[in-house]
Amino acid sequence: MAKMINKTLILTYIYLLIYIILSSGVILYNKWVLSPKYFNFPLPITLTMIHMGFAGFVAFLLIRVFKVVAPVKMTFEIYATCVVPISAFFASSLWFGNTAYLHISVAFIQMLKALMPVATFIMAVVCGTDKPRCDVFSNMLLVSVGVVISSYGEIHFNVVGTVYQVTGIFAEALRLVLTQVLLQKKGLTLNPITSLYYIAPCSFVFLALPWYVLEKPTMEVAQIQFNFWIFFSNALCALALNFSIFLVIGRTGAVTIRVAGVLKDWILIALSTVIFPESTITGLNITGYAIALCGVVMYNYIKVRDVKASQPIPDSLPDRINKEYKMEKKSSDKFNPNDIVEIPRVGAEINDEEAPLITARLSHIGRTQLGNHAV
């Protein structure tokens, strides 16, 4: 039993490490590709369309050709009323977020991303999925003050880049709320493969119009270099990030994921100053971000506490591993849902680059089905 627990913990830490590496890598890679000082491909919409096209193609192969997972029952009504609006805001968040790389540093972008809980809470209240609360409002105020201080201390402050990033954050927040309102109410759950299968092509189409108006004329006039291996590896990293998030959600709880996210942000800020020397961090930057981070941590604690209060008390780690071990011994190569015992877990949230519909709560059955193919 001790060896089994050690093995599980080691795998968990490996998955967390992979997630941190891939998440940081995608952001730094995108910045390097888009920046005029480095690879010089200043076409964020084109880069996003490459990601969406590649992800949709791979998802199609996995579902229709290799039959790794089965497609969900998607009606035209659900696609038109749920998938289309979610895809629109997902495409917008990626478009604005990637465009921000052209104007502001990676470190400052990560500091601005501390506004995500604020944006999500505002959108949730507006859409009626959450209620105004004094404890949450005080945390949101603390985060906002911290971001303002951090912005004031930014040496290379750029209004255009800041507006793009903040707009992208609110578009992502609205996408998250719409996912809860539209999909979860209809009882539709998408794993990373099926979400990319439905969301990526639709997002590609939404991006086609701004691409035609804003970037196509530039590509015709300017001499833009195109390196197949650069863009292939970049899109592959973005796709791998989706799957790593799914593995992390399946192995850990909400607290671990949130701590990993905070750790990733600090690592990313430090790495960006090394890889991109023009990214200068001031003491006021760090002070403001630390204040904002305190608000984020307090907000995460409240959300985790609320989720725990609404769910049965989960088994301890040894008991859960023992159940999973017995279940694995009992199961055959052919998946049998009757053999699965639902194990309550604390919900987990991850908001990251290129991760369209990773829902907050995934059933044990869904994780097991994908896990049988992934292992």
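See the structure above.
Presented here is an overview of the structure given in this document. Note that the structure is a prediction, hence the values are computed from the model and not measured.

Here we take up the environment of Asn 242. With respect to the secondary-structure elements, Asn 242 resides in helix 9 (residues 228-251). Residue classification places Asn 242 among the buried positions, given a relative accessible area of 2%. Spatially, the C-alpha atoms of Asn 242 and Tyr 19 are 9.1 Å apart, while their sequence positions differ by 223 residues. A distance of 3.0 Å separates a polar atom in the side chain of Asn 242 from the backbone oxygen of Ala 238.

What follows is about a nonpolar patch on the surface. Among the surface-exposed residues, Phe 226, Phe 228, Trp 229, Phe 232 and Leu 236 lie close enough to one another that they form a single nonpolar patch of about 580 Å² accessible area. Within the secondary structure, Trp 229 sits in helix 9.

This part is about the packing of aromatic side chains. Evaluated as defined, the whole model comprises 15 aromatic pairs. Ring centres of Phe 96 and Tyr 164 lie 6.0 Å apart, and the angle between their planes is 40 degrees; on these two criteria the pair is classed as tilted. Taken together, the positions of Phe 96 in helix 3 (residues 76-100) and Tyr 164 in helix 7 (residues 159-183) put the pair 68 residues apart, joining distant regions of the chain. Judged by its relative accessible area of 17%, Phe 96 falls in the buried class. Clustering of aromatic rings is evident, with ring pairs tying together Tyr 29, Trp 32, Phe 39, Phe 41, Phe 226 and Phe 231.

Moving on: the nonpolar core. Counting residues in each nonpolar core, the largest one holds 81 residues, and the members touching the most others are Val 33, Val 106, Ala 114, Val 143, Val 147 and Leu 207. Not counting chain neighbours up to four residues away, the residues in contact with Ala 114 comprise Val 143, Val 147, Tyr 289, Ala 292 and Val 296. Within the second largest apolar cluster, 12 residues are counted, among which are Tyr 15, Ile 20, Leu 22 and Ile 245.

Our next topic: the pattern of salt bridges. Counting across every chain of the model gives 6 salt bridges. A salt bridge links Arg 133 to Asp 135, with the nearest nitrogen and oxygen atoms 3.0 Å apart. In this structure, a network of salt bridges that share partners links the residues Arg 133, Asp 135, Arg 305 and Asp 306.

The next thing to look at is the environment of Val 248. Residue position: Val 248 is located in helix 9. Between the C-alpha atom of Val 248 and that of Leu 16, which follows or precedes it by 232 residues, the distance is 6.2 Å.

In this model helix 5 (residues 116-127) runs 16 Å from its N-terminal to its C-terminal C-alpha over 12 residues, within 8% of the 16 Å that 1.5 Å per residue would give. Buried positions along helix 5 lie against helix 6 (134-152), helix 7 and helix 11 (283-309). Just past helix 5, the residue Gly 128 takes up positive phi, approximately 85 degrees.

The rules behind these values
- Residues numbered from 1 in each chain as written.
- Predicted model: local features only at pLDDT ≥ 70, side-chain atom pairs only at ≥ 80, totals over all residues.
- Heavy atoms only, no water.
- Helix = DSSP H or I, 4+ residues; strand = E, 2+ residues; numbered from the N terminus.
- Buried < 20%, exposed > 50% of the residue type's maximum accessible area, 1.4 Å probe, protein only.
- Polar contact = N/O pair within 3.5 Å; in protein donor to acceptor, adjacent residues only side chain to side chain.
- Patch = residues over 30% accessible without salt bridge, like charges linked within 9 Å, V, L, I, M, F, W, Y side chains within 5 Å.
- Areas by Shrake-Rupley, 256 points an atom, 1.4 Å probe, with all protein chains shown as cover.
- Salt bridge = Lys/Arg side-chain N within 4 Å of Asp/Glu carboxyl O.
- Phe/Tyr/Trp six-rings, centres within 6.5 Å; stacked < 30°, edge-to-face > 60°.
- Core = buried A, V, L, I, M, F, W, Y, C linked by side-chain atoms within 4.5 Å.
- Contact = heavy atoms within 4.5 Å.
- Expected span 1.5 Å × (residues − 1).

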